[in-house]
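# Breakdown of the fold
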Amino acid sequence: MAIVPRQSVQIIALVLLSLWPAAARAQDAEAGRKLFRRCAACHALVPGPPLRAGPHLDGVVGRAIGSLSDYSYNGSLRNAGRAGGTWTEERLSQFIADPRAMFPDTKMNFAGIPSDQERRDLVAFLATLGDPAPTRPAAR
Ligand code: HEC
């Protein structure tokens with residue numbers, strides 16, 4: 001075995017460590033893409049027809065809550081967005097865990113995903129989607 005100077009070993013270790021989070025995140029997003037099957041019946045990934053039961057999720061991370069002008073939300077989501085609320089990764093995870101705990105009157109008929117890991121994967125996937133849509137709540 002070649003003798004590798006101790007310093008190079010440390011540098012290699014540092015480089016590998018710095019790459020690790022990105023690699024782990026890509027893996028999460030790939031797992032999340034598969035988990036999205038649970039959402040796909042009601043949510044498109046891109047704007048436009050055919051319209052589904054729920055709003056499209058293009059650019060949802062950073063988007064104002066309940067803000068798509070061509071979707072008829074429940075009042076509590078609309079109001080949350082009008083009050084300045086946006087979908088952060090953390091808030092999305094909380095919502096997906098138990099939608100009715102956050103918005104008791106939501107029409108999203110979904111029991112929730114209890115697993116932290118699955119929600120992390122899903123949110124990592126959602127964060128890869130499109131450009132944020134206009135974050136200004138739509139006038140109505
Ligand atoms: C049975 C249909 C259905 C399923 C399954 C479903 N949703 Fe929804 N979702 C809805 C509906 C309907 C709304 C609109 C809620 C309202 O206005 O009360 C919604 C709203 C949302 C919103 C808010 C979007 C915005 O523009 O503010 C997010 C985010 C979301 N869903 C994510 C998910 C994710 C992620 C999954 C899968 C884990 C999922 N949903 C599964 C029907 C569904």
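It should be emphasised that the depicted structure is a prediction, and the values quoted were computed from it without experimental measurement. Counting restarts for each chain: residues are numbered from 1 in the order of the written sequence. Only residues with pLDDT of 70 or above have their local features reported here, since the model is predicted, and side-chain atom pairs are shown and tallied only from 80 upward, although totals for entire chains, interfaces and linings are computed over all residues. Only hydrogens and water are set aside when side-chain values are computed; all heavy atoms of the structure are taken into account.

Each metal's donors comprise the N, O and S atoms found within 2.8 Å of it (within 3.2 Å for Na, K or Ca). Water is not part of the atom list, so some coordination spheres may appear incomplete. Taken together, H43 (NE2) and M108 (SD) make up the full set of protein donors to the iron atom of the ligand, lying 2.0 to 2.1 Å away. Between the six donor atoms coordinating the iron atom of the ligand, the angles at the centre fall across 86 to 178°, so the site counts as octahedral. With H43 in the loop between α2 (37-40) and α3 (75-82) and M108 in the loop between α5 (99-102) and α6 (116-126), the pair connects residues that are 65 residues apart, well separated along the chain. Square planar and octahedral assignments, for four and six donors respectively, both demand that opposite donors be over 155 degrees apart and that all other angles lie between 65 and 115; tetrahedral needs four donors with all angles between 85 and 135 degrees, and anything else is irregular. Numbering of helices and strands runs from the N terminus, with a helix taken as a DSSP run of H or I at least four residues long and a strand as a DSSP run of E at least two residues long.

Basic side-chain nitrogens of Lys or Arg form a salt bridge, by our definition, when they fall within 4 Å of a carboxyl oxygen of Asp or Glu. Using the criterion set out here, one finds three salt bridges in the structure. A salt bridge links R33 to E30, with the shortest nitrogen-to-oxygen separation between them at 3.6 Å. Placement of the pair is R33 and E30 together in helix α1 (residues 6-35), with a separation of three residues, close to one helical turn. Overall, the relative accessible area of 37% leaves E30 in the partly exposed class. Between E118 and R38 there is a salt bridge, with the nearest N and O atoms lying 3.3 Å from each other. Pair noted here: E118 is in helix α6 and R38 is in helix α2, with a separation of 80 residues, a long-range link. Categorising residues by exposure relies on relative accessible area from a 1.4 Å probe, with only protein chains included: less than 20% of the type maximum marks a residue as buried, more than 50% marks it as exposed, and the intermediate range marks it as partly exposed. Since its relative accessible area comes to 43%, R38 is described here as partly exposed.

Around the ligand, the surrounding shell holds 27 residues, and the nearest of these are C39, C42, H43, Y73 and M108. Throughout this description, a polar contact denotes any pair of N or O atoms lying within 3.5 Å of each other; where both atoms belong to protein, one of them has to be capable of donating a hydrogen while the other can accept it, and for residues adjacent in sequence the pair is counted only when both atoms sit in side chains. Interatomic distance of 2.8 Å between a backbone N/O atom of G66 and an oxygen atom of the ligand. W87 has a polar side-chain atom sitting 2.8 Å from an oxygen atom of the ligand. Those elements giving two or more residues to the shell around the ligand turn out to be α2 and α4 (89-97). If one sorts the elements of the shell around the ligand by residue count, α4 sits on top with three residues. For the shell around the ligand, the per-class residue count stands at 18 nonpolar, six polar and three charged. We call a residue near a molecule or strand when any one of its heavy atoms sits within 4 Å of it. Polarity classes work like this: nonpolar for Ala, Val, Leu, Ile, Met, Phe, Trp, Tyr, Cys and Pro, charged for Asp, Glu, Lys and Arg, and polar for all others, with Gly in that last group.

No statement about biological role is implied by the geometric values presented.
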